[in-house]
Amino acid sequence: MAEPIVRKRTYWIVYVVLLALTLLTVLLGYLHMGEFNMVVAIAIATIQASLIAGFFMHALYEAPLVRVVTVGGVIWFLIMMTLTLTDYHTRGWLPFPGK
Amino acid sequence: MTTPQAPPAAPSHIDYLSERQGIWPWLLTTDHKRIGLLYTASITGFFFIGGFFALLMRLHLLEPKGALFGLETYNKLFTMHGIIMVWFFLIPSIPGTLGNFLIPMMIGAKDLAFPKLNLASWYVFMTGGIVTLYSMLRGGVDTGWTFYVPFSTTYSTAYVAGAAIGIFIAGFSSIMTGLNFIVTIHRMRAPGMTWFRMPIFLWSMYATSLVLVLATPVLAITLLMVIFERLFRVGIFDPSLGGDPVLFQHMFWFYSHPAVYIMILPAMAVISEIIPTFSRKPIFGYTAVAYSSLGIAVVGFLVWGHHMFVAGLSVYSAMAFSFLSYLVAIPSAIKVFNWTATMVKGSVSWDTPMLYAIGFLGLFTIGGMTGLFLAALGIDVHVTDTYFVVAHFHYIMVGGAVMGYLGGVHYWWPKISGKMYPEGLARLSALIVFIGFNLTFFPQFILGYLGMPRRYAAYPDEFQFLHVLSTAGATILGVGYILPLCYLIWSWKYGKPAGRNPWRATGLEWQTSSPPPSHNFEVTPVCTHPAYDFEGMKEELELA
C-alpha cells in the first residue's frame with residue numbers, strides 16, 4: 001500500500017496541539033479538583049495518544065482493517081483495566097476485613 | 001488400518017530438504033518449512049530439558065521426606081520445569097513448528113507474508129532461551145513459573161531478573177509469529193480460498209495469533225516491572241513502596257490465562273484436521289467450530305481472575321470472574337461435541353494420529369471439566385494451590401496440547417519428511433503415552449482433593465502410595481515420549497516413501513509432493529472445494 005501523503009503543516013498543527021495539551025495538564029495539576037484531577041489528566045492523555053496514533057502513526061490514513069486492529073488494541077486495554085478495576089472498586093463493600 | 005499408498009510423485013523441482021545443504025543455508029533460510037524444522041529441533045531440546053526437571057521432581061517425591069534434594073533445590077526444579085515447558089515448549093510448540101510449516105501450504109501460498117521476520121522470530125526465541133538457560137546454570141530461579149511478588153521482587157536470592165529477561169525476549173518472538181500468521185491468512189490466500197473454505201486449522205491458528213499479539217505485550221511489561229522493582233526498588237507491587245502485590249497477579253494472569261489458549265487452540269487446530277480425515281467425513285458444524293476458536297480467544301481474556309480467588313480479590317469481582325469462567329466452557333464444548341459428531345457414522349480408522357486425537361478428546365474433556373470445578377468459588381477455595389490444580393492444568397497442557405502436538409507431528413510427518421514411520425511402533429507409543437499420562441496425573445487429582453499442596457518437597461506418609469503411582473506413570477510417560485523421537489529420526493532415513501497424500505486428505509498441503517518443493521507448489525493452486533469435501537474430491541483422492 002502506498003504511503004499516505006500528509007502535509008507538513010498538519011504535523012506541525014498536531015505538534016502544537018500536543019504541546020498545548022501538555023501545558024494544560026500541568027496547569028490543571030495546580031487546581032484542586034479532588035478525584036477529578038486524575039480523570040481530567042487521563043482524559044487529556046487519551047486525547048494526546050489518539051492524536052499521535054491517528055496522525056503520527058498514520059492510523060487515520062490506513063486501510064479499514066488496520067484501523068480495526070488499532071481499535072482492537074484499545075478495546076483489549078480497556079478490558080484489562082475494567083476487569084481489574086472491578087476488583088479494586090468493590091473491595092470493602094462487604095463488612096469483613098479484606099473483602 | 002493403513003490407507004492405501006500411492007507411488008511417490010516424481011517432483012520436477014528439488015524439495016526443500018535437498019535444495020541447499022550445509023549449516024548456513026539452514027541458519028539463514030527464509031523458507032517457512034525449514035524455519036518450522038529449526039523450531040522443531042529447538043523445542044524438542046527444551047522439552048527434554050523441562051522433562052528432565054520433572055523426572056527429578058517425581059523421583060524426589062518417591063519418599064515422604066523427599067529422596068534427593070534440599071528444599072531450595074526442589075523449588076528451583078519446579079520453577080525451571082514450569083518456565084521451560086510453558087515459554088520454551090508449549091507456547092511455541094505447534095505455532096512455531098506445524099504452524100510455520102503448514103499455514104502457507106494450506107492457503108496455497110509460497111511462504112509467510114514476512115519470511116525474514118519469521119527467521120528473526122526464531123533467533124529471538126533462541127536468544128531468550130539461551131538467556132533463561134544461562135540464568136538456570138548460574139544458580140536457577142525459585143519463584144515458581146508465576147514469578148509472584150513480593151517473593152520475586154524482594155525476597156528471592158535467585159536469578160530472577162535473568163530468567164525474566166529471557167522470557168521477555170522470547171515474548172517478542174511470539175508477537176512476530178502471531179503478526180506474521182495474521183497478515184498471511186488475511187492477504188495470501190490462493191484464488192478460491194475464501195474464509196469459509198479454509199481448513200479449521202487456519203481458523204484456530206488465526207485465533208491463536210490474535211491472542212499472541214494481544215496478550216504477550218502485557219507479560220512483557222509485567223516482567224519488566226518486576227525487574228525494575230527488583231533492581232531499582234521502583235514502587236509498583238511492593239506496598240512499602242506504594243505498590244500493590246495483587247496488581248501483579250492481575251497483569252500476569254491477563255497474559256497467562258489466555259496463554260493457556262495459546263497452547264490449546266493450536267492443538268484443537270490439529271485435532272480438527274485429523275478427525276475428519278480419519279473419519280472420512282467433513283467436520284460436523286464447520287461454522288460453529290470455526291467461530292468457537294474466535295470465541296475461545298475472546299472470552300479467554302475475560303476469565304483471569306479465577307486464578308486469584310484466594311489472593312485478596314474482592315468477592316464481587318470474584319463472582320464476575322467465576323461467571324465468565326463458566327462461559328469459556330461453551331466454545332470448548334462446541335468443539336468437543338462437533339468432533340465427536342464428526343466421527344458418528346464415519347468410516348473411522350485407527351491410525352496413529354487418530355489415536356492421539358481420541359486421546360486428546362478424553363483428556364481435554366477431563367481437563368476442561370475439572371476447570372469448571374476451579375471456576376466454582378466454593379470448590380476453588382478448597383483446592384487452590386493443591387495438586388488438584390496441578391493435575392487439572394496438566395490434563396489441558398500435556399493431555400491436550402502435547403497429545404495434539406504429537407498427533408500433528410505424526411499426521412504431517414509424511415509431508416514434512418517424505419517418509420512413513422513404523423505404524424505399529426507409533427501406535428504402541430501412543431498407547432504408552434496415554435497410559436503413562438493418566439497414571440502420572442490422575443492420582444494428583446486425588447492428592448489435591450485430599451489436601452496435598454503443590455510445590456511442597458515433603459508430604460505426610462499417607463500420600464506416599466499416590467505419589468509413587470504418579471512417579472511410576474512419569475517414567476512410563478518418559479518412555480512414551482522418547483520412542484517417537486527415536487522412530488521418527490529413524491524413519492527420516494529409512495522410512496518408506498510416503499507419497500503425496502498417504503492419508504487421502506483434502507487440504508491443499510496434500511496436493512504437492514512430499515517433501516514439498518521450496519516454493520511449495522509448482523503452480524499456484526486454485527481452491528475449488530469447501531474444506532473436507534471428501535465426497536466432491538473422491539476421484540482426486542482415489543488417484544492420490
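Please read all numbers here as calculations on a predicted model, not as lab measurements. (Residues numbered from 1 in each chain as written. Chains lettered and ligands numbered in written order. Predicted model: local features only at pLDDT ≥ 70, side-chain atom pairs only at ≥ 80, totals over all residues.)

1. Digging into the overall build of chain A
Working step 1: When its secondary structure is counted, chain A shows three helices and zero strands.
Working step 2: Mapped in sequence order, the helices and strands of chain A form the string α-α-α.
Working step 3: For chain A, the C-alpha radius of gyration of 19 Å lies well beyond 13 Å, the compact-globule estimate for 99 residues.
Working step 4: Seen through its principal axes, chain A has C-alpha atoms that stretch 60 × 35 × 10 Å. (Helix = DSSP H or I, 4+ residues; strand = E, 2+ residues; numbered from the N terminus. Rg over C-alpha atoms; globule rule 2.2 N^0.38 Å.)

2. A short note on the overall build of chain B
Working step 1: Counting its regular elements, chain B contains 17 helices and zero strands.
Working step 2: Relative to its full complement of 544 residues, chain B shows a buried share of 56%. (Buried ≥ 20, exposed ≤ 12 C-beta atoms within 10 Å, placed from the backbone.)

3. Quick look at the interface of chain B and chain A
Working step 1: Between chain B and chain A, the residue contacts involve 15 residues of the former and 14 residues of the latter.
Working step 2: Elements with a minimum of two residues in the side of chain B that touches chain A: helix H7 (200-232), helix H8 (245-279) and helix H10 (315-327) of chain B.
Working step 3: Here the side of chain B that touches chain A takes four residues from H10(B), the largest share from any one element. (Contact = placed C-beta atoms within 7 Å.)

4. Here we look at the confidence of the model for chain B
Residue and element names in this part refer to chain B.
Working step 1: Averaged over chain B, the pLDDT score is 94; the fraction of residues at 70 or greater is 97%.
Working step 2: Scored below 50 in pLDDT, residues 1-11 makes 20 contacts in the model with residues more than four places away or belonging to other chains.
Working step 3: With pTM at 0.93, the complex prediction returns an ipTM value of 0.85. (pLDDT = per-residue confidence, 0-100.)

5. What about the domain arrangement of chain A?
Residue and element names in this part refer to chain A.
Working step 1: Splitting chain A by domain gives domain 1 (1-62) and domain 2 (63-99).
Working step 2: The gap between the C-alpha centroids of domain 1 and domain 2 is 22 Å.
Working step 3: Split by residue class, the side of domain 1 that touches domain 2 holds three nonpolar, no polar and one charged. (Domains from an automatic or database assignment. Nonpolar A, V, L, I, M, F, W, Y, C, P; charged D, E, K, R; others polar.)

6. With respect to the environment of Ala41(B)
Working step 1: With respect to the helices and strands, Ala41(B) occurs in helix H2 (residues 32-60).
Working step 2: The spacing of Ala41(B) and Leu202(B) is 161 residues in sequence and 23 Å in space, taken between C-alpha atoms.

7. Some remarks on the packing of H2(B) against helix H4 (residues 115-138) of chain B
Residue and element names in this part refer to chain B.
Working step 1: Close contact between H2 and H4 brings their axes to 10 Å; oriented N to C, the two are set at 10 degrees. When the interaxial angle is binned, H2 and H4 end up roughly parallel. Of the two elements, H2 crosses H4, and the hand of that crossing is left-handed. Of H4, the residues touching H2 (which contributes His32, Ile35, Leu38, Tyr39, Ser42 and Phe46) are Pro115, Asn118, Leu119, Trp122, Met126 and Gly129. (Axes fitted to C-alpha atoms, helices over the stretch in contact; angles between N-to-C directions. Parallel < 35°, antiparallel > 145°, perpendicular 65-115°, else oblique. Left-handed = near helix turned anticlockwise from the far one by under 90°.)

8. Thoughts on the packing of H8(B) against helix H11 (residues 329-343) of chain B
Residues and elements named next belong to chain B.
Working step 1: H11 packs onto H8 with a crossing angle of 15 degrees between their chain directions and a minimal axis gap of 9 Å. Judged on the interaxial angle alone, H11 and H8 are roughly parallel. Like other packed secondary-structure pairs, H8 and H11 cross with a definite hand, here left-handed. Of the residues in H11, those in contact with Met268, Ile271, Ile275, Pro276 and Ser279 of H8 are Lys335, Trp339, Thr342 and Met343.
Working step 2: Within the contact of H8 with H11, the residues separate by chemical class into six nonpolar, two polar and one charged.

9. Quick look at the environment of Lys538(B)
All names here are of chain B.
Working step 1: Within the secondary structure, Lys538 is located in helix H17 (residues 538-543).
Working step 2: Judged by the 11 C-beta atoms lying within 10 Å of it, Lys538 is exposed.
Working step 3: Spatially, the C-alpha atom of Lys538 lies 9.5 Å from that of Thr506, the residues being 32 residues apart in sequence.

10. Some points on the environment of His32(A)
Working step 1: Relative to the elements of secondary structure, His32(A) occurs in the loop between helix H1 (8-28) and helix H2 (36-56).
Working step 2: For His32(A) and Ala43(A), which are eleven residues apart along the polypeptide, the C-alpha to C-alpha distance reads 16 Å.

11. A word on unusual backbone geometry
Working step 1: In this model, Val149(B) is joined to Pro150(B) through a cis peptide bond whose omega is 5 degrees.
Working step 2: Along the polypeptide, Pro150(B) turns up in the loop between H4 and helix H5 (151-155).
Working step 3: Put simply, Ser514(B) and Pro515(B) share a cis peptide bond, and its omega is -10 degrees.
Working step 4: Even without glycine at this site, His58(A) takes up a positive phi of about 65 degrees.
Working step 5: Mapped onto the elements of the fold, His58(A) is located in the loop between H2 and helix H3 (64-88).

12. Some remarks on the confidence of the model for chain A
Working step 1: Here chain A averages 90 in pLDDT, and 95% of its residues register 70 or above.
Working step 2: Within chain A, the lowest mean pLDDT, 92, falls on H3(A), and the highest, 96, falls on H1(A).

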